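Chain and residue survey
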Amino acid sequence: MTLQWTVVATFLYIEIGVLLILCLPFISAQRWLKIFKFRIWGRVAPYWNKGFLTMIVVLIVLFLDAVREVRKYSGTDANKDAKLNPNMFDHLHMKLFRSQRNLYISGFSLFLWLTLRRVVTLITQLATAQGTSDALQTQAENTNAAAKKYMEDNERLKSALKKGKGNEGENIVEDERNKLKEEIEKLKDELKKTSEALTKSKNEVEAVKKQSDGLAREYDQLLQEHEKIQNLAEAKNDKKDH
């Protein structure tokens, strides 16, 4: 394996390791968000998009080169030359095997690179949505508690003013009652808006979780296919060695 393909294979193994760590169930999205907010990531962020796009271009070029090599060694002309010269048969199949191996390495590296960015984005969105949901729930609970307090104050005021006599007392009761009604209506409107926002946030969290589960399943299938390809490659090497 040449130096460039050794680097690409190492990069592929690093991607697999990072994705496995990101998929660990006992590390919550909130904790990942705290890790992503470290100062070191803030320094790397301005160069992240450029590096990401550069890596995509490099992997695409390597993938296309591997496709070209596979087509070159699996074409009819190459098979004819191998039939004319039997000594070239093993050499041709060795070249074809290497080009196919490089094709799988570059293809999986490109796919996992895109998947890695998507997983990080989903984790960040999930953590943000959970934080917003908790804040809205706390706000709703505080609003509900304030509404109950105003209602209790209203009842105490009514009972205290009922003991008074005359029109002046009745006017005060009526004014205070109207003010409290207005405040209660405002609190009810705020509570309704907060509840709607909380419901919307919970729906978004569920959607992000479903999308993250789908990516995890696709990633597991990809790992299984990668293991099958590696097993086939090792089997071919064993046959050629014998």
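Before reading further, recall that the structure is shown in the block above.
Predicted, not measured: the structure shown is a model, and the values here were computed from it.

1. Examining the overall build of the protein
Within the protein, the regular secondary structure consists of 6 helices and 0 strands. The helix and strand sequence of the protein, counted from the amino end, reads α-α-α-α-α-α. The burial tally for the protein puts 28% of its 242 residues in the buried class. Contacts in the protein between residues far apart in sequence, at least 24 positions, make up 86% of those at least 6 positions apart. A total accessible area of about 17200 Å² is found for the protein, and carbon and sulfur atoms account for 57% of it.

2. Brief notes about the packing of aromatic side chains
Each aromatic ring pair is specified by the distance between its two centres and by the angle formed by the two planes. Inspection of the entire model under this criterion finds 2 aromatic pairs. The interplanar angle of 25° and the centroid separation of 5.5 Å between the aromatic rings of F52 and W113 together place this pair among those described as stacked. Placement of F52 in helix α3 (residues 39–73) and of W113 in helix α5 (residues 87–162) is noted, with a sequence separation of 61 residues between them. For F52, a relative accessible area of 7% translates into the label buried. The class for W113 is buried, based on a relative accessible area of 10%. Of the aromatic side chains, those joined through ring pairs into one cluster are F11, F52 and W113. Geometry around F52 places R117 over its ring, the cationic atom sitting 4.5 Å from the centre.

3. Quick notes on the nonpolar core
Judged by nonpolar contacts, the single largest core of 35 residues is most densely connected at V8, L12, L22, L59, L112, W113 and I123. Contributing elements (two or more residues each) for this core: α1 (3–22), α2 (29–36), α3, α5 and α6 (167–241). The element contributing the most residues to this core is α5, with 14 residues.

4. Things to note about the environment of R68
Position of R68 relative to the elements: it lies in helix α3. A distance of 2.9 Å separates polar atoms of two side chains, one belonging to R68 and the other to D65.

5. Quick notes on the pattern of salt bridges
On inspection of all chains with the given rule, the structure shows 2 salt bridges. For the salt bridge of R68 with D65, the shortest nitrogen-to-oxygen distance reads 2.9 Å. Note that R68 and D65 are positioned in helix α3 at a spacing of 3 residues, about one turn of the helix. R68 sits in the partly exposed class, given a relative accessible area of 43%. Residue E69 pairs with R68 through a salt bridge whose shortest N-O separation is 2.7 Å. One continuous salt-bridge network, built from bridges that share partners, spans D65, R68 and E69.

6. Looking at the side chain of S106
Mapped onto the fold, S106 is located in helix α5. Take S106: its relative accessible area is 0%, and that puts it in the buried class. A distance of 2.9 Å separates a polar atom in the side chain of S106 from the backbone oxygen of N102. Here the side chain of S106 touches L103 through a polar contact of 3.1 Å, landing on its backbone oxygen. Not counting the four nearest positions on each side in its chain, S106 is found in contact with W5, V8, L59, L62, F63 and A66.

Calculation notes
- Residues numbered from 1 in each chain as written.
- Predicted model: local features only at pLDDT ≥ 70, side-chain atom pairs only at ≥ 80, totals over all residues.
- Heavy atoms only, no water.
- Helix = DSSP H or I, 4+ residues; strand = E, 2+ residues; numbered from the N terminus.
- Buried < 20%, exposed > 50% of the residue type's maximum accessible area, 1.4 Å probe, protein only.
- Contact = heavy atoms within 4.5 Å.
- Areas by Shrake-Rupley, 256 points an atom, 1.4 Å probe, with all protein chains shown as cover.
- Phe/Tyr/Trp six-rings, centres within 6.5 Å; stacked < 30°, edge-to-face > 60°.
- Lys NZ or Arg CZ within 6 Å of the ring centre and 35° of its normal.
- Core = buried A, V, L, I, M, F, W, Y, C linked by side-chain atoms within 4.5 Å.
- Polar contact = N/O pair within 3.5 Å; in protein donor to acceptor, adjacent residues only side chain to side chain.
- Salt bridge = Lys/Arg side-chain N within 4 Å of Asp/Glu carboxyl O.

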